[in-house]
Amino acid sequence: MRRLATSTFVVAISPQARRSYLALSTIGRAFSTTSPRRTNALFSRNDFDGQGFVGSYEPGEPLHGPLSNASLTGAPRIIPKELKEHLDKYVVGQERAKKKLSTAIYNHYQRIEEKERRERELEALEAQAMRRELRHRERSQRHPVEDEFPGQQATVLYPPSPTQPPEPPSPPLQTTKLVDNSPMGIEKSNLLMLGPTGVGKTLMIKTLARVLDVPISMSNCTTFTQAGYIGEDVEGCVQRLLIAANYDIKAAEKGIVILDEFDKISAKKGLSAAGKDVAGEGVQQAFLPLLEGTNVRVTLKTERGAGGPKGPPGSSNYPPAQEKEAVYNVRTDNILFICSGAFVNLPKIILDRISKGSMGFGAHVRNSASHSSVHDSQLVGESALFRKHLPFYVQSEPQQKLDQIFNVLDLVQPADLQKFGLIPELLGRIPSLCSVTALDVDALVRVLTEPNNSLVSQYIQLFHNSGIELRITNYALREIAKKALEMETGARGLRTVLERLLEESMFEAPGSYVKHILVNRDAAQLKCAPLFFMRGQSHSFAAALAHEEDAYEEEMGTGVKKEHVNSFQEFRKQGYAVGAG
């Protein structure tokens, strides 16, 4: 048996160094080294004994490794596709307009999140710099011997002697390069939507306003006038946004302002040189600083019981009792402006620009008379000729018809809007343009039936509240859509046609013995009144409805040949098959 030799460490320390913290720490490091432990296990364990901490993490600093390129703001709460899917539930058609509006809203959210992230980073850097400065002051006021060697006597700092050598002369001034360390900013892109009335411009904006988490206000441009004249100043749109934000300035400064009937502020033609266009070009000049970014001073009355800021007493939103007016300063740098208008006669300006110089052999000449079933903003022609003038890319279809219907407003250029009456300074502050398409008969039929809050479902619910079942056949729906198209008011004409068609039924049916109301083709053509079916006539009602629907399917070429039912058992089998499908 061999005995392991034991080693003894002898360290000689002076009495002065014995009390020193530096010597004690040196001895501790000398004895802290340990030999690896031997175990009978298959795997050896390493607890990082004797190794110092080699990693660090600072909040706000760029990361390293696989997440170095990740987004600093995290995953977005909403994306453009989700916004468009929500619009599809309420708005029929207008695919490009939905994408454009959804992208504008999403980019607005991203700008706000980026701005807030930079503000948080700036606050963190300022706090970190302040902590470093405090530590530097503490270290500069302490003596190094007192801190490193405990037991030393306190050092007395004497003021400098009056005979202090003069300071060396300062070096001559040298020119330095100007360096701008300000972070890159993402500018906002205001949006202008063009299209005829009743096609869904306002509906799309209102639909998104119900689900978005930012304050949204809508203003009509027909009431705006130049400052100093009778009418409303343009700052009224910011005032409405502040009210929608419950008088929260920070929330209002990242909101969205909708300017409807934007085409009504175009420059009026025919005015003399001495006359002022206070409702046209004067309003456009007033909108310039708002769209670019300025400080708007909003003055509101805060009398109790007469409206004003909401909030409990003592909160920041509650006005003092002695004040009768409250002044709010709202910055418009981060407010998104979405403008919409019909822009009547703009298609003619676009077509005149495109057809200029089209004389000669093989040139396409625009017909002076428009097609009877096509809106003024639509053009029937060849696809290749239309795509030649499009300002954006459109994926070509494999099979294209010779004559297709196109939206003339898709070809709009800022020069066309300037000729319409908008000043170039205003157009430069609205870089994003989007057009909506006029609705045809098929689109109007979809408006009647497909959206969640469609007109047909509204009238069905209205009669259902009185215990009456209302049914409108497909023949009748197309007749209603044709009449609404003749009114040239878009989807707004559908309600007018339905009100005229059902006004007698809404008066006679409630409180009577009428159980079912059927609006067929003859009723929609005003050849007869809607059919009333009393209690106990449900079979007659179902037979009349099925007869007209079968005729419609056969006429449209979608009819399915039905098998004749000879027995009750076959009827039950067919009913189960339909229910299972």
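From a predicted model like this one, the values you see are computed outputs, not experimental measurements.

1. Topic: the packing of aromatic side chains
Thinking step 1. In this structure the tally under the stated criterion is six aromatic pairs.
Thinking step 2. Summarising the aromatic geometry, the rings of Phe 262 and Phe 287 are spaced 6.3 Å apart at their centres and angled 50 degrees between planes, so their arrangement reads as tilted. Of the two residues, Phe 262 is situated in the loop between strand S3 (256-260) and helix H9 (281-292) and Phe 287 in helix H9; the sequence distance between them amounts to 25 residues.
Thinking step 3. Classification of Phe 287 by relative accessible area gives buried; the value is 0%.
Thinking step 4. Both rings, one in Phe 343 and one in Phe 420, keep their centres 5.2 Å apart while their planes meet at 50 degrees; by these two values the pair is tilted. Placement of the pair is Phe 343 in the loop between strand S6 (336-341) and helix H10 (346-354) and Phe 420 in helix H12 (residues 414-420), with a sequence separation of 77 residues.
Thinking step 5. Overall, Phe 343 belongs to the buried group, its relative accessible area being 1%.

2. A word on the sheet that holds strand S1 (residues 191-194)
The pairing of strands in a sheet happens through backbone hydrogen bonds and is either parallel or antiparallel.
Thinking step 1. Sheet architecture is open: five strands sit in the order S2-S3-S6-S1-S9, paired in parallel fashion. The open sheet has two edge strands, strand S2 (216-220) and strand S9 (432-435), and neither has a second partner. The sheet shows a mean angle of 20 degrees between the axes of neighbouring strands, taken without regard to direction.
Thinking step 2. In this structure, S3 lies alongside S6, joined through four bridges in parallel fashion. Bridging across to S6, Leu 259 finds its partner in Cys 339.

3. Things to note about a positive patch on the surface
Thinking step 1. Together, Arg 131, Arg 132, Arg 135 and Arg 139 give the surface a local cluster of positive charge.
Thinking step 2. Residue placement: Arg 135 occurs in helix H4 (residues 95-141).

4. Description of the packing of helix H14 (residues 441-449) against helix H16 (residues 474-487)
Thinking step 1. The N-to-C vectors of H14 and H16 enclose an angle of 115 degrees; their axes lie 9 Å apart at closest approach. Considering how the two elements wind past one another, H14 and H16 form a crossing that is right-handed. For the pair formed by H14 and H16, the contact residues are Val 441, Asp 442, Leu 444, Val 445, Leu 448 and Thr 449 on the first element and Leu 477, Arg 478, Ile 480, Ala 481, Lys 482, Ala 484 and Leu 485 on the second.
Thinking step 2. Tallied by class, the residues present in the contact of H14 with H16 amount to nine nonpolar, one polar and three charged.

5. Side note on the confidence of the model for the protein chain
Thinking step 1. The predicted model of the protein chain averages 76 in pLDDT, with 65% of residues at 70 or higher.
Thinking step 2. With pLDDT under 50 throughout, residues 30-34 is counted as low confidence; its partners more than four residues away or in other chains account for two contacts.
Thinking step 3. The low-confidence segment residues 359-365, where pLDDT is below 50, has three contacts with residues more than four positions distant or belonging to other chains.

6. Description of the pairing of S3
Thinking step 1. Across the five residues that make up S3, a large majority, five, are buried.
Thinking step 2. Judged from the five bridges that link them, S2 and S3 form a sheet pairing that is parallel. When the bridges of S3 are listed, Met 218 appears paired with Ile 258.

7. Remarks on a nonpolar patch on the surface
Thinking step 1. Taken together, the side chains of Tyr 513, Phe 532 and Met 534 make up a nonpolar region of the molecular surface, amounting to roughly 320 Å² of accessible area.
Thinking step 2. Its location among the elements puts Met 534 in strand S12 (residues 531-534).

8. Some points on unusual backbone geometry
Thinking step 1. Positive phi is not limited to glycine here, since Gln 94 has a value of about 55 degrees.
Thinking step 2. You can see Gln 94 is positioned in the loop between helix H3 (80-88) and H4.
Thinking step 3. Here Gln 94 falls in the buried class, since its relative accessible area comes to 9%.
Thinking step 4. Located in the positive-phi region is Tyr 247, a residue other than glycine, with phi close to 65 degrees.
Thinking step 5. Note that Tyr 247 resides in the loop between helix H7 (236-244) and helix H8 (249-252).

About the criteria used
Residues numbered from 1 in each chain as written. Predicted model: local features only at pLDDT ≥ 70, side-chain atom pairs only at ≥ 80, totals over all residues. Heavy atoms only, no water. Phe/Tyr/Trp six-rings, centres within 6.5 Å; stacked < 30°, edge-to-face > 60°. Helix = DSSP H or I, 4+ residues; strand = E, 2+ residues; numbered from the N terminus. Buried < 20%, exposed > 50% of the residue type's maximum accessible area, 1.4 Å probe, protein only. Pairing = 2+ DSSP bridges. Axes fitted to C-alpha atoms, helices over the stretch in contact; angles between N-to-C directions. Patch = residues over 30% accessible without salt bridge, like charges linked within 9 Å, V, L, I, M, F, W, Y side chains within 5 Å. Areas by Shrake-Rupley, 256 points an atom, 1.4 Å probe, with all protein chains shown as cover. Salt bridge = Lys/Arg side-chain N within 4 Å of Asp/Glu carboxyl O. Lys, Arg positive; Asp, Glu negative; His and termini not counted. Charge placed at Lys NZ, Arg CZ, Asp CG, Glu CD. Left-handed = near helix turned anticlockwise from the far one by under 90°. Contact = heavy atoms within 4.5 Å. Nonpolar A, V, L, I, M, F, W, Y, C, P; charged D, E, K, R; others polar. pLDDT = per-residue confidence, 0-100.

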